[in-house]
Amino acid sequence: MTQKTNFFSISLVRGLGGFLAGTLVGIVLTVVVRVVMSLPAWDAQAAWVTGAIFGVAGFMLAIGVMGDWMRWAKGEETPEHPETNPNLRGWAKILSVSYDHKVIGVQYGITSLALFVLAGTYALLFRTELAQTGIQFLDPKNFNTSISLHGIVMIGATLLGVGAMSNYLVPLMIGANDMAFPRLNAFAFWINIPAAVLLTLPWFLGGFDTGWTGYPPLSFLAPLGMDMFFLGVYFVGLSSILGSLNIIATTIRMRAPGMNYFRMPIFVWTALATAIISLTATQLIGLSFQMVLFERVFGMAFFEPAQGGNPILFQHLFWFYSHPAVYVFVLTGLGVISELLPVFARKPLFGYRWVALSSFGIALVGFLVWAHHMFTSGMEPYLRVPFMYSTLLVAVPTGIKFFSWVGTIWEGKLSFETPMLFVLGAISIFLLGGLSGPPNGVVATDLHVQDTYWIVGHFHATLFGGFVFPFFAALYYWFPKVTGRMYNERLGKLHFWLMLPAFYVQSLGQMQTGLLGMRRRIVDYDPSLGIQTTQLLITIAGFVIAIAVLIAIINFITSARKGEVALANPWRSRSPEWQLPSPVPAHNYEETFEVVGEPYDYGLGDKGYVNLHPGMAMPSAAD
Amino acid sequence: MTLPDKGKPQRVLIASSHPLFGQGLRKLLESRRGTVEVVGMASSIDEAMQSLAALNPDLIIVDYDDEQLNRDEFLARFVEGERKLRVVLLSLSDAQQALVYDRRTMAASRIDDWLEDWKIANMEETPVEPEIPSGPTRPNRRSSMKHFIVAGILVVLMTALIIFGAGQIRLLPEAASVQAQPIDQMFTLEFLVIAFLFSLIVVFLLYSIFVFRRKKGDLTDARHIEGNPRLEIVWTVIPLIIVLGFAFMGSQALAETQRVDPDALVVDVVGSQWSWRFDYPELGISSTELRLPVNKQVLLRLSSMDVIHSFWVPEFRVKQDALPGGKEFVRPLRVTPTTVGEYKLRCAELCGLNHYSMEAPVIVMAAVDYEAWVAEEAGLSADPAERGQKWYETYGCRACHSIDGSPLVGPTWKGLYGIERKFTDGSTAIADDAYLTESIRIPGAKVVDGFQDLMPAAIAASMTDQQVQDVIEFIKSLK
């Protein structure tokens, strides 16, 4: 029986329709209730906040991810392995609901790249303004909105990229045929779309001027765009929580027999540590934003000193999530580095157990350092000292990873295909970012660098080294597995050789100008600082990075359609997913695989790591 | 890629269900080589197995794109079989060239290159067997040590280079406060460690990239080294010690920046969207410029009228947020400027629209010039009685105490000094310095008979001892 396919079969179309309908319902409801309560009918804030919430609900209902749950609620049966409409191909398929973790992984990946481009465009906007002193074209209001949205949309892009990698790879790497909760998986993906829409509404509703950190009292006073920002982040946070729940359940419960924890691919360790952080900490940003939203909408006063509140409380609540969050951003990227180096060096991952446990070390210590973002906030002065100790301590498990990476490639046999280039670049950049940390962690020097471009340089380097470069490495590396085709190697290398030097220029420029007095979040800076040339260089670097990313996206799109047909295992990796055909069949493994060796025993000449057809003899390495 | 019998035509079996594939391939091979003989074409796995046995080919070419041919099953059968066969998977992608995938090496080559290699291999005396790995050659201990030493030397060189390079560029603004000294010392230490650690990892990385490369065509793996627990412990413990040491030194530096001078000049700094105001309570001055005497510690009491701002002068290094909320949220920052000059205060916490331009001049002056400014600005004279009169007005004493003899809410000050006072509880005292000081500091201690206990204690709380003394001198002058 063929299902008809038309424009409205595409889930996204229905979802957006539901979003519009929901928003309208919310707005109308608000007006009606206000009239009934003898209040003035139109209050922009009440209408838009209610409209936005109803809009998100409308989207999720219309898109169809909740269909099976609603059937269960009515006592109906649903198929064990739901099949999506087979007539949906290509883009129509990507834009529609699927419960297959691989499709969802691709959806996360594409959305991540789209948000990355959007946030990058915001950056190019204000970087063009900042190239020279004086205000050229971007007025302070729009500048403040664009830096705020740059921050939060990039964070969204990062979370989605992490979700893409974890979702696609974890079940394949542990021998599962899907996640523990496929429908929840789809739900957790799709809620990001209306959330992203909410994050574009500030442009039309007065903007907001607080940066993505949203500190009150400024955020209490901000225009209507602030509420859309709070709500958007709230729903992205919900996605994180639900997604990480799935990863944890899947990893704990669905590993193939013989795959004990210390026999899992290292990426799964980082995905698990990431998920644990994400599951437990995300609530705090939802809470702190919700509290400010309630201040704004219901007149509450948690953080307003005039009414007995305390603004520093917000910062504690906010950073209690937002520091662990940075480890959510980078841990899986570090896992990609650990995963790829052995393959391209033909040598085992050095100290696998130590590397595996270091992820948990980072996660644990990461919960104990949040107030290092608040050293100048007016918090208890003596409390800054223990936070300094805990902050510097994070260097120890992180160092273990670096030394292990060096140990892996030392005396290896290296080849330099695009994924390996990105991994090596990532290591050097994450190193730069990490080493620029101690001046921030030591309170005395933080007094100088806090709120300057040194900090901006620090976190961009850690984010590029811990997420952006490894994400591209992962995209290139697993591209043949996902699409069955090979990307263009020349374009991949071009992307790398443009992006790496440009990024070094950007980072070092940001760090230097920060030390010399360039503050964060300012649309114009004093010529007497003598940094105009460096600012221009940073802007140019930004544009070079943008071009490089564009090249990558073009490469991905054209190669997916017309690239060379790829072999099942072009990298000669031992990992389980590489023993499957490309693209991976719908239900992954026909039979449960058998773990017959260690994941990284390159050079041992054994029978490999997993046997996909237990019962048949394994091809020995000598064949 | 070699074949066992050189010189004789190589016998090839083609496996594909598309006859055109086979025909085309046969033409291609035979036109190019002349030493190839296509001995059979199989269109199913069973046919291929039969042909194998019957024809005994040297090479089988499998159509990789043929969906009817279950290639996984095909390969599994061949692998399981006793004959070790060379199997080549051929794919015709949309691109112009045909690609050949060697199943064993998993490498793709263009068909021309593949045929070249075949030819070269055929012409050699002894065939080279590119094998997939089992123990690769072991580099010996001596060369391991050699690599390590060379890399180590390069680390030292690179560290020195970075330190030298960093010294050539502007990194920090001139230090202009006492508090900047311990901070800059920490910065120096941090930069040294950063230079060393960056060099350490990057040199080892680059060394590996240049020295431990895979040779073209080498398909063997590297040495099987899983780890080294002793090394792991070393590179966990040493960083731990370094980190703890750093933190300890950091706390010392922080303490240094917070040294209290009890005689510090007090300035209240009030930030509001988007300007700064500086109040000198002891001098009765309110200014939009922060003027400071050099080499004297100033205690800045920071506050905000609206949202969070932050006080920062880069040359002073130290920074502190200014919070709204009144007294409970006032935060102190101590700075001792060391260099006369003009600096800029710029707000360092995003505070809305004009955060970028929320600036104020900071002018550090020689003591003499500062005194001159104070005198001019505040109209402050050197005569304590005159100053006392100014406080009489600034602090609101005038509201309740006259100086012409008439009683107001409080007793007049005219002729007050030295007389005997009677209090509501019946006791008496001479109005001397001690009594007057007490009356100002603790208003309710003795209430003059005929008056009520109405004087607010808050007034005195903002007055310094010097100011109280000045008021007393003023009172003395009112005979």
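For the structure, see preceding data.
To keep things clear, this report deals only with the structure shown in the data block. (Residues numbered from 1 in each chain as written. Chains lettered and ligands numbered in written order. Predicted model: local features only at pLDDT ≥ 70, side-chain atom pairs only at ≥ 80, totals over all residues. Heavy atoms only, no water.)

The next point concerns the side chain of Ser278(A). All names here are of chain A. Considering the arrangement of structural elements, one finds Ser 278 in helix H11 (residues 266-298). Taking relative accessible area as the criterion, Ser 278 reaches 6% and is therefore assigned buried. If sequence neighbours within four positions are ignored, Ser 278 has contacts with Ser 240, Ile 241, Ser 244, Gln 283 and Val 328. (Helix = DSSP H or I, 4+ residues; strand = E, 2+ residues; numbered from the N terminus. Buried < 20%, exposed > 50% of the residue type's maximum accessible area, 1.4 Å probe, protein only. Contact = heavy atoms within 4.5 Å.)

Further remarks concern the pattern of salt bridges. A complete count under the given rule lists 27 salt bridges over all chains for this structure. The salt bridge involving Asp68(A) is made with Arg71(A); its shortest N-O contact spans 2.5 Å. Placement of the pair is Asp68(A) and Arg71(A) together in helix H3 (residues 67-73), with a separation of three residues, close to one helical turn. Take Asp68(A): its relative accessible area is 6%, and that puts it in the buried class. The partly exposed category is assigned to Arg71(A), whose relative accessible area is 34%. The shortest N-O distance in the salt bridge between Arg259(B) and Glu256(B) comes to 2.9 Å. In this structure Glu256(B) comes out as partly exposed when scored by relative accessible area, which is 37%. Among the charged side chains, a network of salt bridges with common partners joins Asp526(A), Lys344(B), Arg346(B) and Glu359(B). (Salt bridge = Lys/Arg side-chain N within 4 Å of Asp/Glu carboxyl O.)

This part covers the sheet that holds strand S10 (residues 290-293) of chain B. Pairing between the strands of a sheet is mediated by backbone hydrogen bonds and can be parallel or antiparallel. Residues and elements named next belong to chain B. An order of S10-S16-S15 is seen for the three strands of this open sheet, with the pairing classed as mixed. Strand pairing shows two members of the sheet lacking a second neighbour, S10 and strand S15 (341-346), which therefore form its edges. Taken over all neighbouring pairs, the strand axes of this sheet differ in orientation by 25° on average, direction set aside. Relative to strand S16 (residues 359-365), S15 runs antiparallel, the two being bridged by six bridges. Paired with Leu 345 across the bridge in S16 is Ala 360. (Pairing = 2+ DSSP bridges. Axes fitted to C-alpha atoms, helices over the stretch in contact; angles between N-to-C directions.)

Inside soluble globular proteins, nonpolar side chains tend to come together where they are buried. Trp190(A), Phe229(A), Phe472(A), Met499(A), Tyr280(B) and Leu300(B) are the most contacted members of the largest nonpolar core, which totals 277 residues. At 20 residues, helix H12 (residues 311-345) of chain A tops the list of elements feeding residues into this core. Here this core spans two domains, since at least three of its residues come from each of domain 2 (141-257) and domain 3 (265-378) of chain B. In this structure, Tyr280(B) is in contact with Leu265(B), Val266(B), Val267(B), Ile285(B), Glu289(B), Leu290(B), Arg291(B), Tyr370(B) and Trp373(B), ignoring residues within four places of it in sequence. (Core = buried A, V, L, I, M, F, W, Y, C linked by side-chain atoms within 4.5 Å. Domains from an automatic or database assignment.)

Residue and element names in this part refer to chain B. Taken in spatial order, the five strands make up an open sheet running S9-S8-S7-S11-S14, and their pairing is mixed. The open sheet has two edge strands with one neighbour each: strand S9 (285-287) and strand S14 (331-335). On average, adjacent strands in this sheet sit at an angle of 25° to one another, irrespective of strand direction.

Let's shift gears to the packing of aromatic side chains. The description of an aromatic ring pair uses the distance of the two centres, along with the angle that the planes make with each other. Taken as a whole, this structure holds 68 aromatic pairs over all chains when the rule is applied. An angle of 20° between the planes, with centres 4.9 Å apart, marks the rings of Phe467(A) and Phe471(A) as stacked. Linking Phe467(A) with Phe471(A), this pair stays in helix H19 (residues 453-483), spanning four residues, or about one helical turn. Judged by relative accessible area, which is 2%, Phe467(A) ranks as buried. Its end group placed over the ring of Tyr261(A), Arg255(A) keeps NZ or CZ at 3.9 Å from the ring centre. When the ring centre of Trp312(B) is taken as origin, the NZ or CZ atom of Lys319(B), which lies over that ring, is 4.1 Å away. (Phe/Tyr/Trp six-rings, centres within 6.5 Å; stacked < 30°, edge-to-face > 60°. Lys NZ or Arg CZ within 6 Å of the ring centre and 35° of its normal.)

A word on the interface of chain B and chain A. Each partner contributes residues to the interface: chain B has 107 residues there, and chain A has 109 residues. Both faces considered, chain B and chain A share a buried interface measuring about 9,400 Å² in area, 66% of it formed by carbon and sulfur atoms. Summed over the three residues of chain B that lose the most area to chain A, namely Arg214(B), Leu350(B) and Tyr356(B), the buried surface amounts to 8% of that side. Across the pair Asp526(A) and Arg346(B) runs a salt bridge, and its minimum N-O distance is 3.0 Å. Connecting chain B to chain A are 31 residue pairs in polar contact (both at pLDDT 80 or more). Of all the elements in the fold, those that place two or more residues in the side of chain B that touches chain A are helix H3 (71-80), strand S4 (86-92), strand S5 (98-102), helix H5 (141-168), helix H6 (180-211), helix H7 (229-257), strand S13 (319-322) and S15 of chain B. With 18 residues, the single largest contributor to the side of chain B that touches chain A is H7(B). (Buried area = accessible area lost by both parts, 1.4 Å probe. Polar contact = N/O pair within 3.5 Å; in protein donor to acceptor, adjacent residues only side chain to side chain.)

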